[in-house]
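Given next are the chains, with one letter for each unit.
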Amino acid sequence: GNSVTQMEGPVTLSEEAFLTINCTYTATGYPSLFWYVQYPGEGLQLLLKATKADDKGSNKGFEATYRKETTSFHLEKGSVQVSDSAVYFCALARTGGGNKLTFGTGTQLKVEL
Amino acid sequence: NAGVTQTPKFQVLKTGQSMTLQCAQDMNHEYMSWYRQDPGMGLRLIHYSVGAGITDQGEVPNGYNVSRSTTEDFPLRLLSAAPSQTSVYFCASSRTGTVDNEQFFGPGTRLTVL
């Protein structure tokens, strides 16, 4: 079946540090890949997505590239801010599966001054 | 637009009690879904609906019922609550059920079953 594996958290960084959150997936076919962000006390928000191999999703300074050869979709940001503190979820939607998402376990990011 | 709203925000039940978690959206979205979020397990799909009158099971449907009588509302019913249903529940909606449509999530309902 489909699955998503994310790096364990929490990840603690200083402001302006470089961020990488690893995500790998298992799926048949060519799934679409997503990163969602959950700020404290709120629901999830779509951060970025990629729908085919080698696509790069980007938003708010965050980027992730769909790597089919390594089945990965790592999230990166060059300079994090305190306001980026949140839980980040990697997710996939399998080919032909409509909008049903399979989520990773989430990675908590804490950014300190 | 209020987006996706969920009520209540918090609920405590005793084992065996029943309740309904409410979800409503004002974006005229066809697709709605329910997820539960548990520590160390991410979010898992409970039930979903591709339009009024059409529902289907997700990954973890046991113990939950849904119906979709209107486009706006998608309530989740627990007929006989169990401690294993202690979780945070999120409702989501998107314009259609195809993967290129962004899903919008509600703020969640935190349920504790004693």
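Refer to the structure presented above.
Residues numbered from 1 in each chain as written. Chains lettered and ligands numbered in written order. Predicted model: local features only at pLDDT ≥ 70, side-chain atom pairs only at ≥ 80, totals over all residues. Heavy atoms only, no water.

**Remarks on the side chain of Ser 33 of chain B**
Residue and element names in this part refer to chain B.
Inference 1: Within the fold, Ser 33 resides in strand β4 (residues 31-38).
Inference 2: Judged by relative accessible area, which is 0%, Ser 33 ranks as buried.
Inference 3: Not counting residues within four places of it along the chain, the set of residues in contact with Ser 33 comprises Leu 45, His 47, Tyr 48, Phe 74, Phe 90, Cys 91, Ala 92 and Gln 103. (Helix = DSSP H or I, 4+ residues; strand = E, 2+ residues; numbered from the N terminus. Buried < 20%, exposed > 50% of the residue type's maximum accessible area, 1.4 Å probe, protein only. Contact = heavy atoms within 4.5 Å.)

**A few points about the sheet that holds strand β8 (residues 76-78) of chain B**
All names here are of chain B.
Inference 1: In spatial order, the strands read β1-β3-β8-β7; together these 4 strands make up an open sheet with antiparallel pairing. Bordering the open sheet on either side are β1 (4-7) and β7 (64-66), each of which pairs with just one other strand. Across this sheet, the average inter-strand angle for adjacent strands is 20 degrees, counted without regard to direction.
Inference 2: Taken together, the 3 bridges between β7 and β8 define a ladder with antiparallel strand orientation. Residue pairing across strands places Tyr 64 opposite Leu 78, the latter belonging to β8. (Pairing = 2+ DSSP bridges. Axes fitted to C-alpha atoms, helices over the stretch in contact; angles between N-to-C directions.)

**Section: the pattern of salt bridges**
Inference 1: Across all of its chains, the model carries 5 salt bridges over all chains by this definition.
Inference 2: Note that Lys 56 of chain A is salt-bridged to Glu 63 of chain A, the shortest N-O span being 3.6 Å.
Inference 3: On the accessibility criterion, Glu 63 of chain A (33% relative accessible area) is partly exposed.
Inference 4: Between Lys 77 of chain A and Asp 84 of chain A there is a salt bridge; the shortest N-O distance is 2.7 Å.
Inference 5: In this structure Asp 84 of chain A comes out as buried when scored by relative accessible area, which is 7%.
Inference 6: It is possible to trace a salt-bridge network through shared partners that takes in Arg 36, Asp 38 and Arg 44 of chain B. (Salt bridge = Lys/Arg side-chain N within 4 Å of Asp/Glu carboxyl O.)

**A short note on the state of the cysteines**
Inference 1: Under the criterion given, the structure shown has 2 disulfides over all chains.
Inference 2: Covalent S-S linkage joins Cys 23 of chain A and Cys 90 of chain A, the inter-sulfur distance amounting to 2.0 Å. On the sign convention where negative is left-handed, the bridge of Cys 23 of chain A and Cys 90 of chain A, at about -70 degrees about the S-S bond, is left-handed. Linking Cys 23 of chain A in strand β4 (residues 23-26) with Cys 90 of chain A in strand β10 (residues 86-93), this pair joins segments that are 67 residues apart in sequence. By the burial criterion, Cys 23 of chain A is buried, and Cys 90 of chain A matches it.
Inference 3: Across the disulfide, Cys 23 of chain B is cross-linked to Cys 91 of chain B (sulfur-sulfur distance 1.8 Å). Because the sign of the S-S torsion sets the handedness, a value of about -70 degrees for the bond joining Cys 23 of chain B and Cys 91 of chain B places this disulfide among the left-handed ones. One end of the pair, Cys 23 of chain B, is in strand β3 (residues 19-25); the other, Cys 91 of chain B, is in strand β9 (residues 87-94), with 68 residues separating them in the sequence. You'll find Cys 23 of chain B and Cys 91 of chain B in the same group, each marked buried. (Disulfide = S-S within 2.5 Å.)

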